[in-house]
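Okay, here's what each chain looks like letter by letter:
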Amino acid sequence: MEWLHEFFQALIAGFGRIILTAMILWMVSLIVLLFRELFRPGDIHFRSYLYRVWKWLLWSFEIASYGGVIVAPVLMYRTEEYLKYGMLLFAALVFSAVLIHLRRNTKLFTWRAAEHSKEKTNK
């Protein structure tokens, strides 16, 4: 029964590490975004600022999850802590799949839109 406890603890810790990394990246990007907004000439457009904040939140989760897919196997190989970094890899794969699914269904892939517009103009 101890192995089940360790498994779920490592699984929850893997998801927690990805979320914590994404939040840290988001907070750093918020500071940069805030200074860019403050030193831009003209009025502050609150709606566009909130849109950029939301966009940076999604980007930070993407960076953390895609980076976890790359970093977790390397750390697993170097430290030989297979359970810990295996669950981190699993969490990164789950987050990556969810984010790719989200992008595909919301049509945020700009390269797909460019291909469709080329097809329409060629016909």
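For every chain, the first residue of the written sequence is number 1, and numbering continues from 1 along that sequence. Predicted model: local features are reported for residues with pLDDT of at least 70 only, side-chain atom pairs are reported and counted for 80 or more only, and whole-chain, interface and lining totals are derived from all residues. As a convention, hydrogens and water are excluded, and side-chain values are obtained from all of the structure's heavy atoms.

(A) Local environment of a nonpolar patch on the surface. A surface patch of nonpolar side chains, amounting to about 640 Å² of accessible area, comprises Ile31, Leu34, Phe35, Leu38, Phe39 and Ile44. Here a strand is any run of E in DSSP of at least two residues, a helix any run of H or I of at least four, and the numbering for each starts at the N terminus. In this fold, Leu38 is placed in helix H1 (residues 2-38). For patch building, the residue pool is restricted to those with more than 30% relative accessible area and no salt bridge; the joining distance is 9 Å between like charges and 5 Å between nonpolar side chains (Val, Leu, Ile, Met, Phe, Trp, Tyr). In short, Shrake-Rupley with a 1.4 Å probe defines the accessible areas, and a residue's cover is counted only from the protein chains shown. Each reported salt bridge corresponds to a side-chain nitrogen of Lys or Arg within 4 Å of a carboxyl oxygen of Asp or Glu.

(B) Focus on unusual backbone geometry. Positioned with a positive phi, Glu80 is a non-glycine residue whose angle comes to about 60°. Relative to the elements of secondary structure, Glu80 occurs in the loop between helix H2 (46-79) and helix H3 (82-105). Exposure categories follow from relative accessible area, calculated using a 1.4 Å probe and restricted to protein chains: below 20% of the type maximum is buried, above 50% is exposed, and the middle band is partly exposed. Here Glu80 falls in the exposed class, since its relative accessible area comes to 56%.

(C) Fine view of the packing of H1 against H3. Axis definition: a line fit to C-alpha positions, over the contact stretch in the case of helices; interaxial angles, taken between N-to-C directions, run 0 to 180 degrees. Viewed as axis vectors pointing N to C, H1 and H3 meet at an angle of 55°, and their least axial separation amounts to 8 Å. The angle between H1 and H3 places the two elements in the oblique class. Like other packed secondary-structure pairs, H1 and H3 cross with a definite hand, here right-handed. Residues Glu6, Phe7, Ala10, Leu11, Gly14, Phe15, Arg17, Ile18 and Ile19 of H1 pack against Leu83, Lys84, Met87, Leu88, Phe90, Ala91, Ala92, Val94 and Phe95 of H3. Note on terminology: angles under 35 degrees are roughly parallel, angles over 145 are roughly antiparallel, angles of 65 to 115 are roughly perpendicular, and the others are oblique. Crossing handedness: left-handed means the near helix sits turned counterclockwise from the far one by under a right angle, and right-handed means the same turn made clockwise. Here a residue-residue contact requires only that any non-hydrogen atoms of the pair lie within 4.5 Å.

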